[in-house]
Amino acid sequence: MDGWVDIHCHALPGVDDGAADIETSLAMLRNAAEEGLQQVVLTPHYQANHEPDQLRLHEQVFAELVSAVAAAGLPISLHLGVEVGFRFGLERVAMDPAARLAGGSHVLVDLPPGPLSPGLEQAFFALRTAGWRPILAHPERHRELARNPERIQRLYDQDLLLQVNAGSLVGQFGRRAMATAQLLIERGWADFVSSDGHDLTKRPMSVRVASERLVALVGSARTYQLLVENPTCVMSGEQIEPYRPVPSRRGSGFGQWIQRRLASFAAPEDEG
Ligand SMILES: [Fe+2]
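Residues numbered from 1 in each chain as written. Predicted model: local features only at pLDDT ≥ 70, side-chain atom pairs only at ≥ 80, totals over all residues. Heavy atoms only, no water.

In this section: the overall build of the chain. Within the chain one finds 11 helices and nine strands. Evaluated residue by residue, the chain yields a buried proportion of 55% over its 272 residues. Look at the contacts in the chain between residues 6 or more apart in sequence, and 77% of them connect residues 24 or more apart. Summed over its atoms, the accessible surface of the chain is roughly 11800 Å², and 53% of this surface lies on carbon and sulfur atoms. (Helix = DSSP H or I, 4+ residues; strand = E, 2+ residues; numbered from the N terminus. Buried < 20%, exposed > 50% of the residue type's maximum accessible area, 1.4 Å probe, protein only. Contact = heavy atoms within 4.5 Å. Areas by Shrake-Rupley, 256 points an atom, 1.4 Å probe, with all protein chains shown as cover.)

What follows is the structure, given as structure tokens:
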């Protein structure tokens, strides 16, 4: 299985803690293409209180990278977006197309570490009411959310789309993030699995190993949905079909095992 679509990575050079320069970007994208990634949305970190020129800088650097990728003959399509830090009033920030994924209607939102805002659901409701479709980036990596899957369910029940990191599924961010990522997959709450790649070695743009884990967990059809179909909808603007898992004896047993594992993690060692 390939033709994967990555909606979250930091390969835009020189604008955040991802690729430092265009040579690193090209190397990351070459590896990604060799892995089977066909389309990528570049999502540098963006704090909405940044100077307004930041998004224009992204567009300028993006145009240079697209030219460089074409000159290098890499078989990968690039789109632009951001991973925007949560704040109230994101519906106004999202009016700029460069603050949305591929200029469509989806907005990738990252929560700050620390206590969750009690107004979280209300803020996302305002974003959706304004016509945008929020995607929560890697909830399994947020310490408070990872300890409270019920809170994740509240967000899921309010039609928030959830993106899980490929690395979380293979233990890159610790046991708690791994167990929560598997729980999100198992319960059918996850809508996307993405690389969140930052570099060539420590956090590469890699989904292959996670895809094998996904196939083992939920089968190839659902894996295809998470790595190809749903992310493609971000580009095409099509509605993402809600997933309703069919309960199975193995599935429910595995879910209970994950729940027990989550309950057993007392030390706050996993966030990073
Ligand atoms: Fe990210």
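Further remarks concern the sheet that holds strand S6 (residues 106-110). One open sheet accounts for six strands, arranged S3-S5-S6-S7-S8-S9; its pairing is parallel. Bordering the open sheet on either side are strand S3 (45-46) and strand S9 (192-194), each of which pairs with just one other strand. Where strand S7 (residues 133-137) meets strand S8 (residues 161-165), three bridges bridge the pair, whose relative direction is parallel. Of the residues in S8, the one forming a bridge with Ala137 is Gln163. (Pairing = 2+ DSSP bridges.)

This paragraph deals with the coordination of the iron ion. Coordination of the iron ion by the protein involves His8 (NE2), His10 (NE2), Glu83 (OE) and Asp196 (OD), with metal-donor separations of 2.0 to 2.2 Å. Every donor counted, the four donor atoms about the iron ion form angles of 81 to 170° at the centre, which fits irregular coordination. Binding-site remark: the iron ion is held by donors from one chain whose sequence spacing is H-x1-H-x72-E-x112-D. The burial state of His8 is the same as that of His10; both residues are buried. (Donors = N, O, S within 2.8 Å, 3.2 Å for Na, K, Ca; no water. Tetrahedral: all angles 85-135°; square planar, octahedral: opposite > 155°, others 65-115°.)

Counting 67 residues, the largest nonpolar core has Leu29, Leu42, Ile76, Leu78, Phe124, Leu169 and Val193 as the members making the most contacts within it. It is helix H2 (residues 53-72) that contributes the most residues to this core, six residues altogether. Apart from residues no more than four positions distant in its own chain, Leu169 is found in contact with Val164, Met178, Ala181, Gln182, Ile185, Val193, Ala210, Arg213, Leu214 and Leu217. Of all hydrophobic cores here, the second largest spans 11 residues; its members include Val41, Ala137, Cys233 and Val234. (Core = buried A, V, L, I, M, F, W, Y, C linked by side-chain atoms within 4.5 Å.)

Moving on to the confidence of the model for the chain. Detailed reading of predicted coordinates is not advised where the pLDDT is low. On average, the chain scores 89 in pLDDT, and the residues at 70 or more come to 88%. Low pLDDT (under 50) marks residues 248-259, which in the prediction has 16 contacts with non-local residues, meaning those over four places away or in another chain. The model gives residues 261-272 a pLDDT under 50, and that stretch makes 25 contacts with residues more than four places away or in other chains. (pLDDT = per-residue confidence, 0-100.)

Moving on: the side chain of Thr180. Tracing the backbone shows Thr180 in helix H8 (residues 175-187). By relative accessible area, which is 0% here, Thr180 ends up buried.

Now for the pattern of salt bridges. Applying the stated criterion to the full structure yields six salt bridges. With a closest N to O distance of 3.0 Å, Arg56 and Asp96 form a salt bridge. Taken together, the positions of Arg56 in helix H2 and Asp96 in the loop between helix H3 (90-93) and S6 put the pair 40 residues apart, joining distant regions of the chain. Judged by its relative accessible area of 36%, Arg56 is partly exposed. Across the pair Arg151 and Glu121 runs a salt bridge whose closest N-O atoms are separated by 2.9 Å. Of this pair, Arg151 sits in helix H6 (residues 149-157) while Glu121 is found in helix H4 (residues 120-129), placing the two residues 30 residues apart along the sequence. On the accessibility criterion, Arg151 (13% relative accessible area) is buried. Salt bridges sharing common partners tie together Arg56, Glu59 and Asp96. (Salt bridge = Lys/Arg side-chain N within 4 Å of Asp/Glu carboxyl O.)

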